[in-house]
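Breakdown of the fold
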Amino acid sequence: MRWITLLGRTGTVVLMVGLALIVVWAPPPGSPHQSSSSGTMPAGEYKIGHRGVYRPQTGFEISVESTESVRIYLLGLSSGELEDWRTQVREAYPDLDDMWIKIFTMPLIFVREAYPDLDNPEIEDIMDIVWNVSVLDKGLQTHPEIVVWQSPPSRTLSYEFFPADVLAVTVVVANPSSSNATVRTKMRDLAALAPKDRVILPALLLISIGIALAIPWLILRKVKKSTL
Amino acid sequence: MGKGRPFLEVFTCALSEDYWFPILELLVLLCALWTFFTAGIAGVSGSYSDFITVEAFTHNLVYSFTWPLIIMVGIPIVKNIAYGLGSDLEKGIIHTLFSYPLKKGYILTARLLSALVIPLLLFLGISILGLFLFLPDVIRADPGTVALTYAAQLSPVLLTAGLLLLLALRLRRGVPALLSGLTLCFVLFVILDSIADSVAWGIGSDWSLKIYAVITPNLALQEYYVGTLGLSSQTWVPSFSEALLYVSAGYLLVAVVFIIAYVYFKRSLRI
């Protein structure tokens, strides 16, 4: 009887912790910050749709509408890797302004992968080739590990993203088709207090254990009350 | 019959008396919600950039989200020890418990297990779960600072519990013990804190802070971590080993107070 009481109270306590986890996770992630852009993408080119640093509790939702089939890539680098890439770009293009290097680290690395013979080029020379889908494909072939997610070719799509770790994320929109495409991109920042994948399993586990421990005690309590 | 069963009997009696259903459950829900929300917010907005060292950031983060939780679990500790034990002594319940085949020390331990250890286990369990789930990087990066911050935070709670125990044993009445206990908490954590600060700022000497740091070792730890920021306005910048010494001194004081309380309980209460 004493053990049942002890385990029962432990169960109700564990159940409360599990419920608190569910409550914290339950509020729908969302924030008022939204941005949208619209423009024409030349055939066979890609562009950077968005860049930012995200944590497991901060993410974004991207929605794309296009007149042609486009592909979306989410490319992620840790802060250390990003800094390493910037150093490589500085070494490869010593005359480039640091601002360009910071903004276009990834495309510049891709250009170097696609055109390794290009020696200390001017930014104007690079601009003609940097946004070619073939450059992107070559870059991603060489660095497949940076692709966090990629969409199949599509005219409309929507995707919600929360990284597993702190990640500098670049959203790339590519138009591999042979026609120009009018692409409309919408970005919405998301925030969740609790990372879903970390919270749900422990919450369900705690709730199950709590209920299993509490039920015998609650039944006993009811029986005791009814006999009094 | 071994000692286990009567001990469990005394413990569960104390448990059901200290925490009526569903008071304990509501307290846990409140503590868990607070911890998970604050840890979640810290996870979204936390940044190392304001701090020179990872240790200072970790200490500040753990301290700032655990101290309100300490106040929440401190309320049942004060109520259970001062009022609960005082009332039990007043009504003669403790004397009835002496009829169990248990030494007096075990009876007090069972009572303290319910009044003090349960809230502390809740505090540790909930806050550590919160850290693991919401700020795992903090625990992984610097577990030593997390453990030290917890140790420094718990020392004044245990000291207060020991002093409340002594008060309850001395007064042997629930309401006066509770009122004196609340006054003691106010004196320890508001008045003495202000005096130590005022003296330190007024005369520019650090001795008042050093004395107060034995009662609340977290002060030494905080002064040490604030010291890593290199603020020239600080009156006292202890070294890390000094801060550790204050944490140890705090626990030594706790041990002395509890030993006195146990000896007093055994000697002063007769069947």
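Residues numbered from 1 in each chain as written. Chains lettered and ligands numbered in written order. Predicted model: local features only at pLDDT ≥ 70, side-chain atom pairs only at ≥ 80, totals over all residues. Heavy atoms only, no water.

1. Re the overall build of chain B
From N to C terminus, chain B includes eleven helices and zero strands. When the elements of chain B are put in sequence order from the N terminus, they spell out α-α-α-α-α-α-α-α-α-α-α. Here the C-alpha atoms of chain B give a radius of gyration of 20 Å, agreeing with the 18 Å that 2.2 N^0.38 yields for 271 residues. Within the span of chain B, comprising 271 residues, buried residues form 49% of the whole. (Helix = DSSP H or I, 4+ residues; strand = E, 2+ residues; numbered from the N terminus. Rg over C-alpha atoms; globule rule 2.2 N^0.38 Å. Buried < 20%, exposed > 50% of the residue type's maximum accessible area, 1.4 Å probe, protein only.)

2. So, the interface of chain A and chain B
With 26 residues of chain A in contact, the opposing surface of chain B contributes 28 residues. The junction of chain A with chain B conceals about 2500 Å² of combined surface from both sides, 73% of it contributed by carbon and sulfur atoms. The interface formed by chain A and chain B includes two salt bridges. We note a salt bridge from Glu9 of chain B to Arg2 of chain A, for which the minimum N-O separation is 3.2 Å. Contributions of two or more residues to the side of chain A that touches chain B are made by helix H1 (2–25) and helix H7 (196–227) of chain A. (Contact = heavy atoms within 4.5 Å. Buried area = accessible area lost by both parts, 1.4 Å probe. Salt bridge = Lys/Arg side-chain N within 4 Å of Asp/Glu carboxyl O.)

3. Comments concerning the pattern of salt bridges
Taken as a whole, this structure holds nine salt bridges over all chains when the rule is applied. It is possible to trace a salt-bridge network through shared partners that takes in Glu17, Asp18, Asp88 and Arg111 of chain B.

4. Things to note about the nonpolar core
Phe36, Ile81, Phe134 and Leu165 of chain B are the most contacted members of the largest nonpolar core, which has 98 residues in total. The element contributing the most residues to this core is helix H3 (residues 54–91) of chain B, with 15 residues. Ignoring any residue separated from it by four or fewer positions in sequence, one finds Ile81 of chain B in contact with Gly86, Leu112, Ala115, Leu116, Ala161, Leu164, Leu165 and Ala168 of chain B. By size, the runner-up hydrophobic cluster in this structure holds 29 residues, among which are Tyr46, Val111, Trp131 and Val133 of chain A. (Core = buried A, V, L, I, M, F, W, Y, C linked by side-chain atoms within 4.5 Å.)

5. A look at the packing of aromatic side chains
Any aromatic ring pair is given by two values, namely how distant the centres are and how the planes are angled relative to each other. One pass over the full model with this rule turns up 14 aromatic pairs over all chains. Plain terms: the ring middles of Phe104 of chain A and Trp131 of chain A are 5.6 Å apart, the flat faces sit at 75° to each other, and that makes the pair edge-to-face. Placement of the pair is Phe104 of chain A in the loop between helix H3 (98–103) and helix H4 (105–114) and Trp131 of chain A in the loop between helix H5 (123–129) and helix H6 (133–142), with a sequence separation of 27 residues. By the burial criterion, Phe104 of chain A is buried, and Trp131 of chain A matches it. Among the aromatic side chains, those forming a connected cluster through ring pairs are Tyr46, Phe104 and Trp131 of chain A. The ring of Phe98 of chain B is capped by Lys104 of chain B, whose NZ or CZ atom sits 5.3 Å from the centre of that ring. (Phe/Tyr/Trp six-rings, centres within 6.5 Å; stacked < 30°, edge-to-face > 60°. Lys NZ or Arg CZ within 6 Å of the ring centre and 35° of its normal.)

6. As for the packing of H4 of chain A against H6 of chain A
Residue and element names in this part refer to chain A. Remark: H4 packs on H6, axes separated minimally by 8 Å, with the N-to-C direction vectors making an angle of 90°. Taken together, the axis directions place H4 and H6 in an arrangement best described as roughly perpendicular. Two secondary-structure elements touch here, H4 through Phe110, Val111, Glu113 and Ala114 and H6 through Val135, Leu136, Lys138, Gly139, Leu140 and Thr142. Classifying every residue of the contact of H4 with H6 by side-chain character gives six nonpolar, two polar and two charged. (Axes fitted to C-alpha atoms, helices over the stretch in contact; angles between N-to-C directions. Parallel < 35°, antiparallel > 145°, perpendicular 65-115°, else oblique. Nonpolar A, V, L, I, M, F, W, Y, C, P; charged D, E, K, R; others polar.)

7. Brief notes about the confidence of the model for chain A
Looking at chain A as a whole, the pLDDT averages 87, with 95% of positions reaching at least 70. The secondary structure element of chain A with the lowest average pLDDT is H5 of chain A, at 75, and the one with the highest is strand E4 (residues 147–150) of chain A, at 94. (pLDDT = per-residue confidence, 0-100.)

8. A closer look at the pairing of strand E3 (residues 58–77) of chain A
All names here are of chain A. Judged by how many residues are buried, E3 sits mostly within the fold: 16 of 20 residues are covered. Where E3 and strand E7 (residues 181–191) come together, nine bridges link them in antiparallel fashion. Counted as the bridge partner of Gly59 is Leu190 from E7. Strand direction decides the pairing type here: E3 and strand E5 (residues 154–161), joined by seven bridges, are antiparallel. Each residue of the ladder has a partner; that of Ile62, found in E5, is Tyr159. Examined bridge by bridge, E3 and strand E6 (residues 167–175) share seven bridges and lie antiparallel to one another. Counterpart to Leu75 in the pairing with E6 is Thr170. (Pairing = 2+ DSSP bridges.)

9. Observations regarding unusual backbone geometry
All names here are of chain B. Residue Pro22 is bonded to the preceding Phe21 through a cis peptide linkage, with omega at 5°. For Arg172, which is not a glycine, the phi torsion comes out positive at approximately 55°. Tracing the backbone through its elements, the reader meets Arg172 in the loop between helix H7 (143–171) and helix H8 (174–203). The partly exposed category is assigned to Arg172, whose relative accessible area is 30%.

10. So, a negative patch on the surface
Negative charge collects at one region of the surface, where Asp95, Glu122, Glu124, Asp125 and Asp128 of chain A lie side by side. Here Asp125 of chain A falls in the partly exposed class, since its relative accessible area comes to 45%. (Patch = residues over 30% accessible without salt bridge, like charges linked within 9 Å, V, L, I, M, F, W, Y side chains within 5 Å. Areas by Shrake-Rupley, 256 points an atom, 1.4 Å probe, with all protein chains shown as cover. Lys, Arg positive; Asp, Glu negative; His and termini not counted. Charge placed at Lys NZ, Arg CZ, Asp CG, Glu CD.)

11. Regarding the side chain of Asn175 of chain A
Residues and elements named next belong to chain A. Here Asn175 shows up in strand E6. With a relative accessible area of 0%, Asn175 lands in the buried category. A polar contact of 3.1 Å, which involves the side chain of Asn175, links it to the backbone oxygen of Ser179. Not counting chain neighbours up to four residues away, the residues in contact with Asn175 comprise Met41, Pro42, Ala43, Gly44, Glu45, Glu68, Ser69, Val70, Val133, Asn180 and Ala181. (Polar contact = N/O pair within 3.5 Å; in protein donor to acceptor, adjacent residues only side chain to side chain.)

12. A look at helix H11 (residues 240–268) of chain B
Residues and elements named next belong to chain B. Look at H11: 42 Å from first C-alpha to last across 29 residues, which is about the 42 Å you get at 1.5 Å a residue. Looking at H11, one finds that the buried residues are Ala243, Tyr246, Val247, Gly250, Val254, Val257, Phe258, Ala261 and Phe265. On its buried face, H11 sits against helix H4 (93–97), helix H5 (104–134), H7, helix H9 (207–215) and helix H10 (218–227). (Expected span 1.5 Å × (residues − 1).)

13. Observations regarding the confidence of the model for chain B
When pLDDT is averaged across chain B, the result is 89; 93% of the residues are at 70 or more. Confidence estimates for the predicted assembly give a pTM of 0.75 and an ipTM of 0.88.

14. Considerations on the side chain of Arg86 of chain A
You can see Arg86 of chain A is positioned in helix H2 (residues 79–92). When residues no more than four places from it in sequence are discounted, the contact partners of Arg86 of chain A are Ile101, Lys102 and Thr105 of chain A.

15. Some remarks on a nonpolar patch on the surface
A cluster of nonpolar side chains, contributed by Phe186, Val187, Phe189, Val190, Ile191 and Ile195 of chain B, occupies part of the molecular surface with about 470 Å² of accessible area. The topology assignment puts Val187 of chain B in helix H8.

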